[in-house]
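Structural characterization, general
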Amino acid sequence: QVQLVESGGGLVQVGGSLRLSCAASGFTFSRYRMSWYRQAPGKERELVAGITSAGGSTSYGDSVKGRFTISRDNAKNTVYLQMNSLKLEDTAVYYCNAHFTFVDYWGQGTQVTVSS
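In this report, we go over the structure that sits alongside the text. Since the model is a prediction, treat every value here as computed from it, not as a measurement.

Attention now moves to the pattern of salt bridges. One pass over the full model with this rule turns up 4 salt bridges. Glutamate 46 serves as the salt-bridge partner of arginine 38, at 2.6 Å between the closest nitrogen and oxygen. Residue arginine 38 is classed as buried on the basis of its relative accessible area of 4%. According to the relative accessible area criterion, glutamate 46 is partly exposed, its value standing at 33%. Between aspartate 90 and arginine 67 there is a salt bridge whose closest N-O contact spans 2.7 Å. Placement of the pair is aspartate 90 in the loop between β8 (78–83) and β9 (92–100) and arginine 67 in the loop between β6 (58–60) and β7 (68–73), with a sequence separation of 23 residues. Summarising the burial analysis for this pair, aspartate 90 and arginine 67 share the class buried. In the salt-bridge network here, residues are joined through shared partners; they are Arg38, Glu46, Arg67 and Asp90.

Structure follows, in C-alpha cells:
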C-alpha cells in the first residue's frame, strides 16, 4: 500500500538545522511532484516547498526562502527538506505530500520544535 514516512524531526534551538526525510513506497515515486507542508497549532496547513518529479524545479514559501532546501533522490524514493537558520515560527508538524494529476498522498507528519 501507499506509504509516506517522514523522519528527522525533533527539538532544535533557534539558528540550528534539521534535515527531514520522507521515504515513499507503494507508488511510482518518480512521477509525482513532492512537497513539504507544515501546520502550526491553531493555523492552517501551509506549503513550505515543492519539487517537480524529475527534480528540475523547486519552489518555496516566502517564509522559508533562502533557509530551506528541498531535494529528492528518485533512486531511493525519498524527498528531503534541509532546514537551516531555524526560527521559533518554524515550529510545526511537517508533512510530506505526493501529487500527480488528481491524486494526493500524505504522510503522518513529523514534529519540529524550535526553542530559544
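Attention now moves to the sheet that holds strand β3 (residues 18–25). Strand order across the open sheet formed by 4 strands is β1-β3-β8-β7, with antiparallel pairing between neighbours. Whereas interior strands pair on both sides, the edge strands pair on one side only; in this sheet they are β1 (3–7) and β7. The sheet shows a mean angle of 15 degrees between the axes of neighbouring strands, taken without regard to direction. Across 6 bridges, β3 lies against β8 in antiparallel orientation. Within β8, the residue paired with serine 21 across the bridge is tyrosine 80.

The next subject is the state of the cysteines. Here the structure, examined in full by the defined rule, presents 1 disulfide. There is a disulfide in this structure between cysteine 22 and cysteine 96, and the S-S distance comes to 2.1 Å. For the disulfide bridge between cysteine 22 and cysteine 96, the dihedral angle about the S-S bond is near -85 degrees, and by the sign convention the bridge is left-handed. Highlighted residues: cysteine 22 in strand β3 and cysteine 96 in strand β9, separated in sequence by 74 residues. Overall, cysteine 96 belongs to the buried group, its relative accessible area being 0%.

With that settled, the discussion passes to the environment of lysine 43. On the secondary structure map, lysine 43 appears in the loop between β4 (33–39) and β5 (46–51). Using a relative accessible area of 56% as the deciding quantity, one classes lysine 43 as exposed. Each C-alpha atom of the pair lysine 43 and leucine 18 lies 22 Å from the other, and the pair is 25 residues apart in sequence.

As defined by bridge partners, β9 adjoins strand β10 (residues 103–106) across 4 bridges and the pair is classed as antiparallel. Note on β10: the bridge partner recorded for phenylalanine 100 is valine 103. In textbook terms, the turn of a hairpin is the stretch between consecutive antiparallel strands, and for β9 and β10 this stretch comprises 2 residues, one of which, threonine 101, has a positive phi near 50 degrees.

Across all of its chains, the model carries 6 aromatic pairs by this definition. Residues phenylalanine 27 and phenylalanine 29 carry aromatic rings whose centres are separated by 6.5 Å and whose planes lie at 50 degrees to one another, so their mutual orientation is tilted. Centre to centre, the rings of tyrosine 32 and phenylalanine 100 are 5.4 Å apart; their planes meet at 45 degrees, and the pair counts as tilted. Of the two residues, tyrosine 32 sits in the loop between β3 and β4 while phenylalanine 100 sits in strand β9, which places them 68 residues apart along the sequence. Take tyrosine 32: its relative accessible area is 8%, and that puts it in the buried class. One aromatic cluster is present, formed by Phe27, Phe29, Tyr32, Phe100 and Tyr105 through successive ring pairs. The side chain of arginine 19 reaches across the aromatic face of tyrosine 80, ending 4.0 Å from its centre.

About the cut-offs
Residues numbered from 1 in each chain as written. Predicted model: local features only at pLDDT ≥ 70, side-chain atom pairs only at ≥ 80, totals over all residues. Heavy atoms only, no water. Salt bridge = Lys/Arg side-chain N within 4 Å of Asp/Glu carboxyl O. Buried < 20%, exposed > 50% of the residue type's maximum accessible area, 1.4 Å probe, protein only. Helix = DSSP H or I, 4+ residues; strand = E, 2+ residues; numbered from the N terminus. Pairing = 2+ DSSP bridges. Axes fitted to C-alpha atoms, helices over the stretch in contact; angles between N-to-C directions. Disulfide = S-S within 2.5 Å. Phe/Tyr/Trp six-rings, centres within 6.5 Å; stacked < 30°, edge-to-face > 60°. Lys NZ or Arg CZ within 6 Å of the ring centre and 35° of its normal.

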